[in-house]
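So the chains spell out like this:
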Amino acid sequence: MSATAVIGLQWGDEAKGKIVDLLTDQHDVVVRYQGGNNAGHTVVCNGQTYKLSLLPVGVLRPQVTSVIATGVVINPKALLGEIEGLKSRSMPVGSNLLISDRAHVIFPHHVAEEAALEESRKDNAIGTTMRGIGTCYRDKAGRTHAIRVGDLYYPDIFRTRLADIVAQKNTILRALAPAFTPLDAGQIAEEYLGYAKQLEPHVIDTTSFLHKSLAQGKKLLFEGAQGSLLDIDHGTFPFVTSSSSSGCGIHSGSGVPERSISRMIGVVKAYTTRVGGGPFPTELNNAIGQHIRDVGREYGTVTGRPRRCGWFDAVAAGYGARISGVDCIAVMLLDVLSQLDEIKVCTAYDIDGERTTDFPSHVEALARAKPVYETLAGWKSDICGVRKLADFPKAARDYLETLGELLGKPVEIISVGPDREQTILD
Ligand code: GDP
Ligand code: IMO
Ligand code: MG
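Below: a short report on this structure. Starting from 1, residues in each chain are numbered consecutively following that chain's sequence as written. Chains carry letters from A onward and ligands carry numbers from 1 onward, assigned in written order. pLDDT decides what is reported in this predicted model: residues at 70 or higher carry local features, side-chain atom pairs at 80 or more are listed and counted, and totals for whole chains, interfaces and linings draw on all residues regardless. Excluded from the side-chain calculation are hydrogens and water; included are all heavy atoms of the structure.

1. A short note on helix α4 (residues 133-142)
Turn by turn, an α-helix covers 3.6 residues, leaving residues three or four places apart pointing in a common direction. For the exposure calls, accessible area comes from a 1.4 Å probe over protein chains only, and a residue counts as buried if that area is under 20% of its type's maximum, exposed if over 50%, partly exposed in between. Runs of E in the DSSP output that reach at least two residues are strands. Runs of H or I that reach at least four are helices, and both are numbered from the N terminus. If you check which residues of α4 are buried, you get Ile133, Thr135, Cys136, Tyr137 and Asp139. The contact rule is simple, with two residues in contact once any of their heavy atoms fall within 4.5 Å. Where α4 is buried, its residues touch β6 (73-74), β8 (104-105), α3 (108-121) and α5 (155-176). Phi turns positive, to about 70°, at Arg143, one or two residues after α4.

2. Digging into the pairing of strand β10 (residues 220-223)
Side chains Leu220 and Phe222 project from β10 onto one buried face, and the interleaved Leu221 and Glu223 project onto a second face that is buried too. Any two strands between which DSSP finds at least two bridges are classified as paired. Where strand β1 (residues 3-8) meets β10, four bridges bridge the pair, whose relative direction is parallel. Following the sheet pairing, Ala3 is matched in β10 by Leu220. Pairing analysis gives four bridges linking strand β2 (residues 29-32) to β10, with the strands arranged parallel. Bridge pairing in β10 places Val29 opposite Leu220.

3. Side note on the sheet that holds strand β7 (residues 97-100)
An order of β9-β7-β5-β2-β10-β1-β11-β15-β19-β20 is seen for the ten strands of this open sheet, with the pairing classed as mixed. Each end of this open sheet is capped by a strand with a single partner; those strands are β9 (203-204) and β20 (423-425). Note: strand β5 (residues 65-68) against β7, three bridges, orientation parallel. Within the sheet, the bridge partner assigned to Ile68 lies in β7 and is Ile99.

4. A word on the site of ligand 1
Put simply, a residue is near a molecule or strand once any heavy atom of it comes within 4 Å of that molecule or strand. As a structural note, the neighbourhood of ligand 1 is formed by 18 residues, with Lys16, Gly40, Thr42, Asp335 and Ser415 the closest of them. The separation between an oxygen atom of ligand 1 and a polar main-chain atom of Gly17 is 2.8 Å. Counting of polar contacts relies on pairs of N or O atoms within 3.5 Å, with two restrictions inside protein: one atom must be capable of donating a hydrogen and the other of accepting it, and residues adjacent in sequence are counted only when both atoms are side-chain atoms. In this structure, an oxygen atom belonging to ligand 1 sits 3.1 Å away from a side-chain N or O atom of Arg307. Protein coverage of the free-state accessible area of ligand 1, which is 590 Å², stands at 90%. At the level of elements, α1 (16-24) and β3 (41-45) are the ones that each hand at least two residues to the shell around ligand 1. Here the Shrake-Rupley method, with its probe set to 1.4 Å, supplies the accessible areas, and only the displayed protein chains count as covering residues.

5. What to know about the side chain of Lys169
Here Lys169 lies in helix α5. For Lys169, the contacting residues outside a window of four places in its chain are His109, Glu113, Arg138, Asp139 and His145.

6. A short note on the site of ligand 2
The environment of ligand 2 is formed by 20 residues, the closest being Asp13, Lys16, His41, Thr129 and Thr241. Within the contact set of ligand 2, an oxygen atom lies 2.6 Å away from a side-chain nitrogen or oxygen of Thr241. Amino acid classes used here: Ala, Val, Leu, Ile, Met, Phe, Trp, Tyr, Cys and Pro are nonpolar; Asp, Glu, Lys and Arg are charged; the rest, including Gly, are polar. Among the residues forming the shell around ligand 2, the class breakdown is seven nonpolar, ten polar and three charged.

7. Quick look at the coordination of the magnesium ion (ligand 3)
Only nitrogen, oxygen and sulfur atoms qualify as donors, and only when within 2.8 Å of the metal (3.2 Å in the case of Na, K and Ca); with water excluded, sites may look incomplete. The protein atoms that coordinate the magnesium ion (ligand 3) are Asp13 (OD) and Gly40 (O), at distances spanning 2.0 to 2.2 Å. With Asp13 in the loop between β1 and α1 and Gly40 in the loop between β2 and β3, the pair connects residues that are 27 residues apart, well separated along the chain.

8. Quick notes on the packing of helix α2 (residues 76-87) against helix α6 (residues 185-199)
The N-to-C vectors of α2 and α6 enclose an angle of 45°; their axes lie 10 Å apart at closest approach. Judged on the interaxial angle alone, α6 and α2 are oblique. With respect to the hand of their crossing, α2 and α6 are arranged in left-handed fashion. Facing α2, whose interface residues are Pro76, Lys77, Leu79, Leu80 and Ile83, α6 presents Glu191, Tyr192, Tyr195, Gln198 and Leu199. Residue classes in the contact of α2 with α6 are distributed as seven nonpolar, one polar and two charged. Convention adopted: a line fitted to C-alpha atoms gives each axis, helices being fitted over their contacting stretch, and angles between N-to-C directions are expressed from 0 to 180 degrees. Every angle not falling under 35 degrees, over 145, or within 65 to 115 is termed oblique; those three ranges are roughly parallel, roughly antiparallel and roughly perpendicular. It is the rotation of the near helix from the far one that decides the hand of a crossing: anticlockwise by less than a right angle makes it left-handed, clockwise makes it right-handed.

9. What to know about unusual backbone geometry
Along the chain, Phe237 connects to Pro238 via a cis peptide bond; the corresponding omega equals 5°. Following the sequence through the fold, Pro238 ends up in the loop between β10 and α8 (249-254). In the Ramachandran plot, Arg143 falls in the positive-phi region, its phi being about 70° despite a non-glycine side chain. Within the secondary structure layout, Arg143 lies in the loop between α4 and α5. Arg143 sits in the exposed class, given a relative accessible area of 65%. A positive phi angle is found at Asp352, which is not glycine, with a value near 50°. Here Asp352 shows up in the loop between β16 (342-351) and β17 (354-356).

10. So, the pattern of salt bridges
Should a side-chain nitrogen of Lys or Arg be within 4 Å of a carboxyl oxygen of Asp or Glu, the pair is scored as a salt bridge. Counted under the stated rule, the structure contains 22 salt bridges. For Arg138, the salt bridge identified is with Asp139, shortest N-O distance 4.0 Å. A residue is classified by how much of its surface remains accessible, and Arg138, at 37% relative accessible area, is partly exposed. Residue Asp352 pairs with Arg368 through a salt bridge whose shortest N-O separation is 2.8 Å. One end of the pair, Asp352, is in the loop between β16 and β17; the other, Arg368, is in helix α11 (residues 363-368), with 16 residues separating them in the sequence. Look at Asp352 and you get exposed, because its relative accessible area is 51%. The network of salt bridges with common partners includes Asp13, Lys269, Glu298 and Arg307.

Function cannot be inferred from these measures alone, as they are strictly geometric.
The following block contains the structure:
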């Protein structure tokens, strides 16, 4: 029992990256197990800001082994770009990075297909990150059009399979978007074989590595991407990502049984944000929402899109906490609320006149949910310098206590700024 997991309980961007970075020096191995370069994890350390997408946050500490496990979808060009970006900042990535040979590969046709599909959905678009994540996972589930990292090391078979796949994709893409210029399978194959050569030193059977690490008593840290409400099975479908982004995905995405995890940390913002489409009951389309966006710098790490902002939704985050099975809560970005006179927390929904604390399974019901709020006093003072729970203004402590009670789990970590030092460990 020597593993920890960090899981977002909302719609992503809960500041999981900061928590993972804080915990890396107590762990030997950091594991990304789902998602891809749709994730954007910002870490501020030693006065430097790093934005990691596909690479686990562990790469910022070379003594830690970082693993991109089986359940991740990999765009090799993006991955090599990220590695190059770190190298240019004197943070080289070498034998400290391991990549699963079972992980699936994102190709140009995945990105093109996603663009065409999103375009065709018009006002009802999912609002994806346009990275080909959903189309790659779809092909993985479909099996016939999928290529895994390990396949890149059988060049002849790979070239033949890719030629078949791209021929069919060109037909589909031309039907979706008649102006589409067909993709050249031969060119893509050689390009990807080049990437494969560069990545080869990192590619192994990561499942076997993780099991050996556990047997050796090494400490594992699982880095969730996205958030529980974006989970393909349990989230606000279809406005979700295409992987198991709640705690449910750890086992399937890494091959490590969940019973190996002794501490599951659920990360929440002190309010709620969402990027892309889909219902958001506590969304604030007003001056307070804009204030939160400005103070919290709520713009997407990956796409730069303004994030939708709203009050903390305990019905949604509580559901996220239950499906992910968290032991404790990290409340992040509490400082962002410091200037508000009063702060609201959604404690229940009113759906068609019925009050409920259950999170609806259908987005149409969620879209009709009217939040029932509890209003708390604001603390109206700067808390960025607070380092001990006892030093918070009483109103801030009351707010944290309310969140803990509503989520039914202890608040064990509080964050009052992006820096490592701006963290209170209770
Ligand atoms: P992730 O995807 O869950 O890792 O979160 P993101 O990195 O996308 O977004 C969180 C943002 O909040 C990042 O820019 C962090 O640097 C920043 N951040 C983290 N903790 C705090 C905090 O306590 N206060 C403030 N103001 N910013 C924070
Ligand atoms: P991190 O790890 C916030 C959202 C997209 C879109 C939906 C589907 O930084 O928390 P996709 O490209 O995955 O098919 O998009 O999911 N989304 C995220 N929102 N944070 C993320 O990652 C996200 N990754 C995907 O905005 O609504
Ligand atoms: Mg993010």
